[in-house]
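What follows is the residue order along each chain.
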Amino acid sequence: LVDVVVSLATMGVVASLLEPVYRWMVAEVLGSRKVHTDDTSIQVQDPGSHKTKTARLWVYLGDGEHPHTVFDYTPSRARDGPAKFLEKYSGYLQADAYAGYDGIYAGKTVIEVACWAHARRKFFEARETDARADQMLALIGELYTVESQARELELTPELRRELRQMKTRPILERIKSWLDECAQDALPKGPLGQAVRYALKQWTALTRFVEDGILEADNNLAENALRRVALGRKNYLFLGNDAGGRRAAIIYSLLASCRRHGVNPSDYLADVLVRISTTPASQVCQLAPANWKPATPALPPTQ
């Protein structure tokens, strides 16, 4: 028990020391032209009871010029969580169709970009009851073929947009015609009908990625970033309190950004935790994983 208490106290100190770096990274992400976001549940002890409550960890990924991955903790999935985090953000927001984002988009400064992976998942589930879903899966596959070509050619955003205008737009036109036709006779409450209705309702946001080459066809970047949380909660099961959730968001942010930049997290933390207390606030940016360089270069291996 003593070891556990000491460990928790140490994590609290670590999160406190890293908070200036975390806050700088958050500000950088909010300066992006596009942000990917998603959330996942996490159990937290509920004060005054012997039970846990369901809280959320949200991930926000900045663009290529602001290459940081940050997490935010909220005690629930209420819409005021992302609304507060993104209060000063202006740009593209790629996310799922969670209704809590609607108020953010209503302000007109944040532009909705939907996720084809979510749409595809619904048609994949519908294929068990209606073979017509395979037709849509094939069409979506064509979209991803174009995306694969763009990645293989390592196109600039400008050239990526041109490729999509030439190859992707005609595919989207075929998809829209298919959806309109299928909507006429697919059972509204059936799996295929629900998949069709979802795609049509999200159509403007689903097609927005062809407008700008910095955008992605799906939100898989954010979903992949949340996997570390899913893996972690299988081991620690729950957080002790809301303060622990906020500390977890800070530490997850640094570790995720280390992974994004191929930085060894152990080397990073060992170096930064020593330097952070003597680093002026104006130079905190140098300690973010995207900019980090060890104070003492690694020695070459002995022969």
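Look a little higher up for the structure.
The shown structure was predicted, so the numbers you read here are calculated from the model rather than taken from an experiment.

As for the packing of helix α11 (residues 242-260) against helix α12 (residues 265-275)
At a minimum axis separation of 10 Å, α11 and α12 run at an interaxial angle of 125°. By the angle between their axes, α11 is oblique relative to α12. The way α11 lies across α12 gives a crossing that is right-handed. Counted together, Leu-254, Leu-255 and Cys-258 of α11 and Pro-265, Tyr-268 and Leu-269 of α12 form the full contact between these two elements. Here the residues of the contact of α11 with α12 are counted per class, giving six nonpolar, no polar and no charged.

As for the pattern of salt bridges
Enumeration according to the criterion identifies 18 salt bridges in this entry. Arg-132 is the salt-bridge partner of Asp-130, the closest N and O atoms lying 2.9 Å from each other. You can call Arg-132 partly exposed: its relative accessible area is 26%. The partner of Arg-275 in a salt bridge is Asp-271, and the shortest N-O contact between them spans 2.6 Å. Residue Arg-275 and its partner Asp-271 are both found in helix α12; the two are separated by four residues, about one turn of the helix. Taken together, the shared-partner salt bridges in this structure form one network comprising Lys-34, Glu-147, Arg-160, Arg-164 and Glu-216.

Looking at the side chain of His-68
Here His-68 shows up in the loop between β2 (52-61) and β3 (69-74). Here His-68 falls in the buried class, since its relative accessible area comes to 2%. Setting aside its immediate chain neighbours within four residues, His-68 contacts Trp-24, Met-25, Glu-28, Val-29, Tyr-60, Leu-61, Gly-62, Ser-257, Arg-260, Ala-288 and Ala-290.

Focus on the nonpolar core
Core analysis: the largest hydrophobic core is formed by 36 residues, its most contacted members being Trp-116, Phe-123, Met-136, Ile-175, Trp-178, Leu-179 and Leu-192. Looking at this core, the elements with two or more residues in it are α4 (116-126), α5 (133-152), α6 (157-182), α7 (191-201) and α8 (203-206). In terms of residue count, the dominant contributor to this core is α5 (eight residues). If sequence neighbours within four positions are ignored, Trp-116 has contacts with Ile-140, Leu-143, Tyr-144, Leu-172, Ile-175, Trp-203, Leu-206, Phe-209, Ala-217 and Asp-218. Core analysis: the second largest hydrophobic core is formed by 34 residues, Ala-15, Tyr-101, Cys-258 and Trp-292 among them.

Re α11
Between its first and last C-alpha, α11 extends 27 Å over 19 residues, near the 27 Å set by a 1.5 Å rise per residue. Buried within α11 we find Gly-244, Gly-245, Ala-248, Ala-249, Ile-250, Ile-251, Tyr-252, Ser-253, Leu-254, Ala-256, Ser-257 and Cys-258. N-capping of α11 is provided by Asn-241, with a side-chain oxygen placed 3.2 Å from the backbone N of Ala-243. Immediately downstream of α11, the backbone of Gly-262 shows phi near 65°, a positive value.

Quick notes on the sheet that holds strand β4 (residues 91-94)
Reading across the sheet, the five strands line up as β3-β2-β1-β4-β5 and stay open at both edges, with mixed pairing between neighbours. Looking along the sheet, the strands with just one partner apiece sit at the ends: β3 and β5 (110-113). Strand-to-strand, the axes of this sheet are offset by a mean angle of 30°, without reference to chain direction. The pairing of strand β1 (residues 34-45) with β4 spans three bridges and is parallel. By the bridge assignment, Lys-34 is partnered in β4 with Tyr-92. Where helix α10 (residues 227-236) meets the sheet, it contacts β1, β2 and β3, and its direction lies at approximately 10° from that of β1. The sheet contacts of α11 involve β1, β2 and β3, and relative to β3 the element is tilted by about 165°.

Quick notes on the rules
Residues numbered from 1 in each chain as written. Predicted model: local features only at pLDDT ≥ 70, side-chain atom pairs only at ≥ 80, totals over all residues. Heavy atoms only, no water. Axes fitted to C-alpha atoms, helices over the stretch in contact; angles between N-to-C directions. Helix = DSSP H or I, 4+ residues; strand = E, 2+ residues; numbered from the N terminus. Parallel < 35°, antiparallel > 145°, perpendicular 65-115°, else oblique. Left-handed = near helix turned anticlockwise from the far one by under 90°. Contact = heavy atoms within 4.5 Å. Nonpolar A, V, L, I, M, F, W, Y, C, P; charged D, E, K, R; others polar. Salt bridge = Lys/Arg side-chain N within 4 Å of Asp/Glu carboxyl O. Buried < 20%, exposed > 50% of the residue type's maximum accessible area, 1.4 Å probe, protein only. Core = buried A, V, L, I, M, F, W, Y, C linked by side-chain atoms within 4.5 Å. Expected span 1.5 Å × (residues − 1). Polar contact = N/O pair within 3.5 Å; in protein donor to acceptor, adjacent residues only side chain to side chain. Pairing = 2+ DSSP bridges.

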